[in-house]
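# Structure at a glance
Here are the chains, one letter per residue:
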There are 2 protein chains.
Amino acid sequence: MSKRKTMVMDGNEATAHVAYAFSEIAAIYPITPSSPMAEKTDEWSANGRKNLFDQTVTLVEMQSEAGAVGAVHGASEAGVLATTFTASQGLMLMIPTLLRLSGNRLPAVLHVASRTVGTHAMCIFGDHSDVMQCRQTGIAQLCSGSVQECMDLAGVAHLSAIKGSLPFMHFFDGFRTSHELQKIEVLDYEELGSLLDRDAVAAFRARSLNPEHPTLRCTVQNSDIFFQCREANNEYYDALPGIVEDYMAKIGGLTGREYHLFNYYGAPDADRVIVAMGSVSGAIEETVDYLNARGEKVGFVQVHLFRPFSLKHFLAAFPSTVKRVAVLDRCKEMGAGGEPLYQDVCAAFINKADRPEIYGGRYGLGAKDTTPAQIKAVFDNLALAQPKADFSIGIEDDVTHLSLPLGPALDCGGEGTVNCKFWGLGSDGTVGANKNSIKIIGDRTPQYAQAYFEYDAKKSFGLTCSHLRFGKTPIRSSYLVKRADFLACHNQSYLGKYDMVEELKDGGTFLLNCDWKPEELGEKLPARVKRYLAEHDIRFYIIDGLAIAQELGLGNHYNLVLQAAFFSLANIIPTEEAVTYMKEAAEKTYRTKGADVVAKNQAAIDSGIHGVQRIEVPAAWKEAQDAPPVADEDIPAFVRNLLEPINAQKGDSLPVSAFREISDGTMPLGTSAYEKRGIATQIPVWNKELCLQCNRCSFVCPHAVIRPYLLNDEEAKAAPEGFAYCDAKGAAAKGLHYAIQISNLDCTGCGSCANSCIAKEKAIVMKPAREVPYHKEAWEY
Amino acid sequence: MSKRKTMVMDGNEATAHVAYAFSEIAAIYPITPSSPMAEKTDEWSANGRKNLFDQTVTLVEMQSEAGAVGAVHGASEAGVLATTFTASQGLMLMIPTLLRLSGNRLPAVLHVASRTVGTHAMCIFGDHSDVMQCRQTGIAQLCSGSVQECMDLAGVAHLSAIKGSLPFMHFFDGFRTSHELQKIEVLDYEELGSLLDRDAVAAFRARSLNPEHPTLRCTVQNSDIFFQCREANNEYYDALPGIVEDYMAKIGGLTGREYHLFNYYGAPDADRVIVAMGSVSGAIEETVDYLNARGEKVGFVQVHLFRPFSLKHFLAAFPSTVKRVAVLDRCKEMGAGGEPLYQDVCAAFINKADRPEIYGGRYGLGAKDTTPAQIKAVFDNLALAQPKADFSIGIEDDVTHLSLPLGPALDCGGEGTVNCKFWGLGSDGTVGANKNSIKIIGDRTPQYAQAYFEYDAKKSFGLTCSHLRFGKTPIRSSYLVKRADFLACHNQSYLGKYDMVEELKDGGTFLLNCDWKPEELGEKLPARVKRYLAEHDIRFYIIDGLAIAQELGLGNHYNLVLQAAFFSLANIIPTEEAVTYMKEAAEKTYRTKGADVVAKNQAAIDSGIHGVQRIEVPAAWKEAQDAPPVADEDIPAFVRNLLEPINAQKGDSLPVSAFREISDGTMPLGTSAYEKRGIATQIPVWNKELCLQCNRCSFVCPHAVIRPYLLNDEEAKAAPEGFAYCDAKGAAAKGLHYAIQISNLDCTGCGSCANSCIAKEKAIVMKPAREVPYHKEAWEY
């Protein structure tokens, strides 16, 4: 790594950093996963950061994305450098105006964290279906494949837009790049400013709509001249690839990183080549290295400038030895003659006498994780006598049989890279703690670091998985950690639900946060877990984070405890150093809340280090027997076949056929009744003696877990054991009985109920889940 | 022609006729050129017409096209068969919802009169840039190439949508097909109903959102299942081409017209083939016939089902002898790797060992007229040793040099077809009269008839050109009349402005509506016109329509006079028959206005027949000398180089280089000052004695032609000859002079001023233009 300043940041921040420099106005309507770009811009603007024109950026929030891009158009017409940030449905609303921006040749720049466009269902995750919907609008499209590329190429978009007098869309994969934390080199504004063509800026302002030299735009043209006027724009599109390549060379000169419209990576005499763009590039490069190291001859053409598509540069990127090409598209255009990038490649080669065969496939829709094993399957397909022509990877298509067979996982990451994975509960602090950890390692050590966070759709109290990598070489692995050196389970209820420890490498470290005592583990752990720990020589640790936190008066904020435990076990940096950095960070975070709070949190760090308890895995666990399967109750087929695997985090393995009945997006109702998560670490307990019967606890419960009932004598008499009730208060309920019923298995333990209780002495209190018995019959009554 | 009922109608009406049958709700937001579909639906609904379900269609007008398609989506979700009609920018607003309609697999049908999407400028005319913006939305796209195809294929769209459970866009060329009048066979509702799969309708209703059997749609899916669920829709897209082909066969069984997903036309052993879709099909078929009759071997693949693009059917459409293919796209996607249909064709052939070479070109953008000569240029290009790979036709591209050289016009129409052309003034009744003429010939005789109307952007008082064809064989010529058998000029001012008579065939007929006496013609006609008439043996007639109309008390409604004159000269049907039909039509049109009005109009018909005056063209006119060119005044380059040719109807001949400076759509201001049209046949004259000086005449003039002035003594003294003024009325203007100044050359003769005058005896009266002297200095003063 050069001496340039490095920082840990995600793709959104890297992009916003550059966009801010070149923009005078940012018109926004934030949408996932692009929102942080707008937020950062807002924050910097509020703090008075200056752009390259010594102005603070004016941020305007509009009524929708249609308005945002309209404001960008208006500003651009008036000679103001404008930007916006968007994705998916938001981008769809911009399409009509993109056509005008390109028609008027205005140098506005959009930064898009690309995200799936809603079809049969919405999906907040990343693929290229949104940006591909814009490929015919005449806007230039430049793709970054990593966080570092966002930093390096976002500027190329702005610089080329200004010089080339055309609008740009700079895009990168939503979440995978927009939200992946990476340690990257940062370009400073002085460097960026040195590349700016200020004459081009002046020319842009000179041709703007201006009362001092008024002109007219948005006229209506008839059949006699429209066509000629359209073709008169060809020159600008013809010139643009050269301008982009030139700025890429200049950025390369500053950074030492070599960028082209189409970057080739791999064997100079490759016989098989993949063409793709976006974050999959990292996984492909790793696979190319892996295969070439094993005697194959393969390569990869990474597309940066997708529009204008420069035929000349594209063809020049290929070694002359190539016999077969596979084009990977991250979108599915139903009914099309082929996916978009594939069609570009076909058209590029069509009349070449010595053309390679071209095959096309889809990957990563809705952010389906794309792994080296999948990439290898693509190269393997190209080696077949008759390759599959229209294929998919990452799924099992047992209906239209388009998917390629998948081999075993490949171990592709850089040598010495440490892979860590954390299973947390949404809002339990796991993600935040991991962000701190990676910043500590990234900023305080020479190591490279990467972090990616998976959330499920439940957000708070849903499942989170944190995927962290650390290493001495740059980390290209643009996919989830599935073979972990270190694995942490921050919620004991997960052990029975998810196949988790199976992702540990032999000899790896497993940290379980639980309130089980060592002697209880034999009974509490599922047999499957016990067998894996024993058979794979796992170093097993437990800690009771909640108990420690509560003892320190931190309530259920046990994230620092677990972070400290991680540092003490994962061996990435010496524990003492880590403690120092963590304590500094805690001081910085909590300073404003007072010395007491700082002290408690710093104590939590010490407790985390010392609270970890090594468990010797008994050899007998190898023989652990699974409990007999529970007799199936009356569970609908949809729940059994789809909901249960999905809730068990096994949705990836469901084949296409599983979705035949619901492929139009129709879902049955009432399915949450079958999803008893039991995730709460603390459960409310009702004290009928103290209760005012005000029902506030029920009213505030966000999960509808607390429900008040009135019963008559007959009903009260018939109630099962464990069903508590008392006399109902108030004249209107005279003679009736009152009960508060709490569904332990649906509760998230958020404590809203207890906080809301207005009884003099609280009638609802939170108790550790282990102390609260669950009366199934009582709840169901 | 079979015994089926025939009618003269345009593509919009043909489509609306079928759409009405299959729709329960039509949600609309009308936009040119699709509006008449909504209007017809509204009219039929108001009149109680029943659809196939014995309902009147519910028509809902929304707040925008986004709302219209939203209503279609909502209705479809609720199990209601829904349609909408749109184009261009309206269609752009529908894109996000099209993705949902296809994702939910709802059988909604859009009918699109395809129109240019705004880029550097808006354009209300037709090309495929709007429908191509939707090709990746998953909606099926079915293209009709003629008015008859609209009638035949609109139903295929609805029937296949219902059976295939997918939304359809049925589209056809805006104006060229949507507004072209053709005599076509009409399908009745009984026939259409016999093809409807009522079980599929029931299944559609059964899976709708319904409180009786509630389900959930529009969920959010995560990375684990989104991809599989998407691919689970493949089956439906795979099945759709077969469903469409099946319905095409059924429609073919009814009509005797053979439709396929891809229709082949031409030599069974063709070596060169064009692929295209839309109205250009007619011109291509004519050219194929023309060339094959002269020993060439060429063919044409007409695309009907563009999405889903069926590879199997496409490849099967080609003769095995094909060596080279040219794909014509009616859109320009700036920066793309190729236009959309071209890319489909490349992808279809890419890995075929015996593939032809594929070349792509653009035509007809913004409704640029596409002629057989242009199509021949495409076939000629394919015959070159090295064909041009990315070409354009219909323009001269002297900047990027992509255009193909154009040979002379080909005479391709059906044998015995009569071509007529009428130059009229917007709102002078020419278009309406021609519509009547074609309905008379189409409905009352066995002849085929076609009419197409060109309007300029000025609408009222702009230029109109009517292109009429009549013949004994179906008329496929999908382009303007440029070689006329009969030519009428309805406004004498046009003769000096437009190259008009040059479009007459040798021995053709020229009818001039003018107030010139025969003896004045030698002086009034431009030398150019006189020479052409004499050299090309033109039969020359004049008539003074305005004088006749005014004499009959019809004001300036002289359209019936000229229609009668046309019938008496054009020799398409016997004059007496024509008179009978015209009088019947007049009776029907004016019946409600009283017998007197009917009589006047019928008298106009007789006067038209008899008022025509044959002019013997003197041989000496061959020697007519052009007047010396007027010395150029201080005219800006933009006006001289662009505005003047455009206003002279020579915009088509401007090369691409003429637009380099304004290719981003920027226009200078104030150019109308240089466009002195002088089109008024009557001019207001101000009588200063009668004037109240209320300024109403100025206020109501829509063209800002009448302007009141106050002058002081000095100004009044300096006024040039012919400048009339009087004492200003009112205390505030005491001592000043008052004048109303009228710009004859900008006046349209609409008469609003005279109508608005509230003086006891009118101070503004309209007088024939020839009687009103024009004092240039006075006006400019």
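This text gives an overview of the structure that appears in the document. This one's a predicted model, so the numbers in the text were calculated from it and none came from an experiment.

### Examining the overall build of chain A
Along its length, chain A carries 26 helices and 27 strands. What you see for chain A is a C-alpha radius of gyration of 29 Å, in line with the 28 Å of a compact globule of 781 residues. When its C-alpha atoms are laid out on the principal axes, chain A stretches across 90 × 65 × 55 Å. Counting every position in chain A, which comprises 781 residues, the buried fraction comes to 61%. Residue pairs in contact within chain A that sit at least 24 positions apart in sequence constitute 78% of those at least 6 positions apart. Accessible surface, chain A as shown: approximately 29400 Å² in total, 51% of it carbon and sulfur. In chain A, the 77 positive side-chain charges and the 95 negative ones have mean positions that sit 2 Å from each other.

### Here we look at the pattern of salt bridges
Residues and elements named next belong to chain A. Across all of its chains, the model carries 82 salt bridges over all chains by this definition. We note a salt bridge from E285 to R476, for which the minimum N-O separation is 3.4 Å. With E285 in helix α11 (residues 280-292) and R476 in the loop between β18 (463-471) and β19 (484-489), this pair connects stretches of sequence that are 191 residues apart. A residue is classified by how much of its surface remains accessible, and E285, at 16% relative accessible area, is buried. For K368, the salt bridge is made with D652, and the minimal N-O distance between the two is 2.7 Å. Here K368, found in the loop between β14 (357-362) and α14 (372-383), pairs with D652, found in the loop between α22 (637-647) and β23 (682-686); they are 284 residues apart in sequence, far enough to count as distant. When its relative accessible area of 1% is taken as the criterion, K368 is described as buried. Note on D652: relative accessible area 36%, which makes it partly exposed. Taken together, the salt bridges that share partners define one network made up of R4, D152, E185, E191 and R257.

### A short note on the pairing of strand β10 (residues 272-276) of chain B
Residue and element names in this part refer to chain B. A large share of β10 lies buried, amounting to 5 of its 5 residues. Neither face of β10 is left uncovered, since the one carrying R272, I274 and A276 and the one carrying V273 and V275 both have all their residues buried. Note: β10 against strand β11 (residues 298-303), 5 bridges, orientation parallel. The partner of A276 across the bridge, within β11, is Q302. Regarding the hand of the β-α-β motif, the stretch spanning β10, helix α11 (residues 280-293) and β11 is right-handed. In this sheet, strand β13 (residues 324-329) lies alongside β10 in parallel orientation, the contact comprising 4 bridges. The residue of β13 that forms the bridge with V273 is V325.

### Digging into the interface of chain A and chain B
Listed per partner, the contact involves 104 residues of chain A and 103 residues of chain B. Interface of chain A and chain B: buried area, both sides summed, is about 9600 Å²; carbon and sulfur atoms make up 58% of it. Viewed at the interface, chain B and chain A are joined by 8 salt bridges. Inspection of the region where chain A meets chain B yields 56 residue pairs in polar contact (both at pLDDT 80 or more). Among the elements of the structure, α4 (88-103), α9 (226-231), α10 (234-255), α13 (340-349) and β14 of chain A are those that each provide at least two residues to the side of chain A that touches chain B. Ranked by residue count, the leading element in the side of chain A that touches chain B is α4 of chain A, at 7 residues. Taken together, the residues of the side of chain A that touches chain B break down into 49 nonpolar, 30 polar and 25 charged.

### Section: the sheet that holds strand β11 (residues 298-303) of chain A
Residue and element names in this part refer to chain A. Read across the open sheet, the 6 strands follow the order β9-β11-β10-β13-β14-β15; overall the sheet is mixed. Among the strands making up the open sheet, the edge pair consists of β9 (262-266) and β15 (390-392). Across the sheet, the mean angle separating the axes of adjacent strands is 25 degrees when strand polarity is ignored. Along the sheet, α13 makes contact with β10 (272-276), β11, β13 (324-329) and β14, crossing β13 at roughly 150 degrees.

### Some thoughts on the relation of the copies chain A and chain B
For the pair chain A and chain B, the superposition axis carries a translation of 0.0 Å, the fit reaches an RMSD of 0.1 Å, and the rotation angle comes to 180 degrees. Both copies are brought into coincidence by an operation consistent with a two-fold rotation axis. Mapped onto chain B, 99% of the interface residues of chain A are again interface residues, and the two copies thus contact each other with one and the same surface.

### Concerning the sheet that holds strand β9 (residues 262-266) of chain B
All names here are of chain B. One open sheet accounts for 6 strands, arranged β9-β11-β10-β13-β14-β15; its pairing is mixed. Each edge of the open sheet is held by one strand with a lone partner, namely β9 and β15 (390-392). Across this sheet, the average inter-strand angle for adjacent strands is 25 degrees, counted without regard to direction. Contacts from α11 reach β9, β10, β11 and β13 within the one sheet, and its direction differs from that of β11 by about 165 degrees. Lying over the sheet, helix α14 (residues 372-382) contacts β10, β11, β13, β14 (357-362) and β15, oriented at roughly 130 degrees with respect to β10.

### Here we look at helix α15 (residues 430-444) of chain A
End to end, α15 of chain A covers 21 Å across 15 residues, agreeing with the expected 21 Å (1.5 Å per residue, within 8%). Burial in α15 of chain A covers these residues: T430, V431, A433, N434, S437, I438, I440, I441 and G442 of chain A.

### Describing the side chain of S165 of chain A
Residues and elements named next belong to chain A. Within the fold, S165 resides in the loop between α6 (147-164) and β7 (168-173). Judged by relative accessible area, S165 falls into the buried class, the value being 16%. Of note is the side chain of S165, whose polar atom sits 3.0 Å from the side chain of R207. The contact partners of S165, leaving out residues within four places of it in the chain, are R105, L106, S160, R207 and Y236.

### Overview of the packing of aromatic side chains
Residue and element names in this part refer to chain B. Taken as a whole and judged by the stated rule, the model has 38 aromatic pairs over all chains. Ring geometry for F262 against F314: centres 5.1 Å apart, planes inclined by 75 degrees, an arrangement best described as edge-to-face. Placement of F262 in strand β9 and of F314 in helix α12 (residues 311-316) is noted, with a sequence separation of 52 residues between them. On the accessibility criterion, F262 (5% relative accessible area) is buried.

### Some words on the packing of helix α1 (residues 11-22) of chain A against helix α2 (residues 35-46) of chain A
All names here are of chain A. At a closest axis distance of 9 Å, the pairing of α1 and α2 adopts a crossing angle of 50 degrees. Classified by the angle between their axes, α1 and α2 sit oblique to one another. The handedness of the crossing between α1 and α2 is right-handed. Taken together, the residues of α2 that come into contact with α1 (itself represented by N12, E13, T15, A16, H17 and Y20) are P36, M37, K40, T41, W44 and S45. Here the residues of the contact of α1 with α2 are counted per class, giving 5 nonpolar, 5 polar and 2 charged.

### Here's the deal with unusual backbone geometry
Residue and element names in this part refer to chain A. A cis geometry characterises the amide bond from T32 onward to P33, with omega recorded as -5 degrees. Looking at the secondary structure, you find P33 in the loop between β2 (25-28) and α2. Notably, S165 is not glycine yet its phi reads approximately 60 degrees, a positive angle.

### Points about the state of the cysteines
By definition, a disulfide is the covalent link that joins the sulfur atoms of two cysteine residues. Throughout the structure, instances matching the rule amount to 0 disulfides over all chains. Its sulfur unpaired, C143 of chain A is 8.6 Å from the next cysteine sulfur, which belongs to C150 of chain A. Here C694 of chain B stays unpaired: no disulfide links it, and the sulfur of C697 of chain B, its closest cysteine neighbor, is 6.3 Å away. In this structure C694 of chain B comes out as partly exposed when scored by relative accessible area, which is 38%.

Calculation criteria
- For every chain, the first residue of its written sequence is number 1, and the numbers climb from 1 along that sequence.
- Think of it this way: whatever chain is written first is A, whatever ligand is written first is 1, and the rest follow in order.
- In keeping with the predicted nature of the model, local features appear solely for residues at pLDDT of at least 70, side-chain atom pairs appear and are counted solely at 80 or more, and the whole-chain, interface and lining totals rest on all residues.
- Remark: hydrogens and water are excluded; side-chain values derive from all non-hydrogen atoms of the structure.
- Working definition: helices are DSSP H or I runs of at least four residues, strands are E runs of at least two. Numbering for both runs from the N terminus.
- Our radius of gyration looks at C-alpha atoms and nothing else; its globule reference is 2.2 Å times the residue count to the power 0.38.
- The classification of residues rests on relative accessible area computed with a 1.4 Å probe and restricted to protein chains. Under 20% of the type maximum is buried, over 50% is exposed, and intermediate values are partly exposed.
- Any two residues whose heavy atoms approach within 4.5 Å at even a single point are treated as in contact.
- Note on areas: Shrake-Rupley, 1.4 Å probe, and residue coverage restricted to the protein chains presented here.
- Here Asp and Glu are counted as negative and Lys and Arg as positive; His is not counted, and neither are the chain ends.
- All charge positions are set by atom: Lys at NZ, Arg at CZ, Asp at CG, Glu at CD.
- When a carboxyl oxygen of Asp or Glu is within 4 Å of a side-chain nitrogen of Lys or Arg, the pair counts as a salt bridge.
- Note on pairing: DSSP must find at least two bridges between two strands before they are called paired.
- The definition of a right-handed crossover adopted here requires that, viewed with the strands pointing away, the path from the first strand over the helix to the second runs clockwise.
- By convention, the term buried area covers the 1.4 Å-probe accessible surface removed from two parts as they join, with the contributions of both added.
- By the criterion applied in these results, polar contacts are pairs of N or O atoms within 3.5 Å in which, for protein atoms, one can donate a hydrogen and the other can accept it, and in which residues neighboring in sequence qualify only through two side-chain atoms.
- Note that Gly is not counted as nonpolar here; it falls among the polar residues with everything else outside the nonpolar set of Ala, Val, Leu, Ile, Met, Phe, Trp, Tyr, Cys and Pro and the charged set of Asp, Glu, Lys and Arg.
- The convention used is that axes are lines fitted to C-alpha atoms, helices contributing only their stretch in contact, and that angles between N-to-C directions extend from 0 to 180 degrees.
- In superposing the copies, a least-squares fit is computed on C-alpha atoms, taking residues whose pLDDT is at least 70 in both.
- Multiplying one less than the number of residues by 1.5 Å gives the expected span of a helix.
- Any two rings among Phe, Tyr and Trp, with Trp reduced to its six-membered ring, count as a pair given centres within 6.5 Å; such a pair is stacked if its planes are under 30 degrees apart, edge-to-face if over 60, and tilted if neither.
- In what follows, roughly perpendicular refers to angles from 65 to 115 degrees, roughly parallel to angles under 35, roughly antiparallel to angles over 145, and oblique to any angle outside these ranges.
- Here a crossing is taken to be left-handed if its near helix is turned anticlockwise relative to the far helix by less than a right angle, and right-handed if that turn runs clockwise.
- Counting rule for disulfides: a pair of cysteine sulfur atoms within 2.5 Å.

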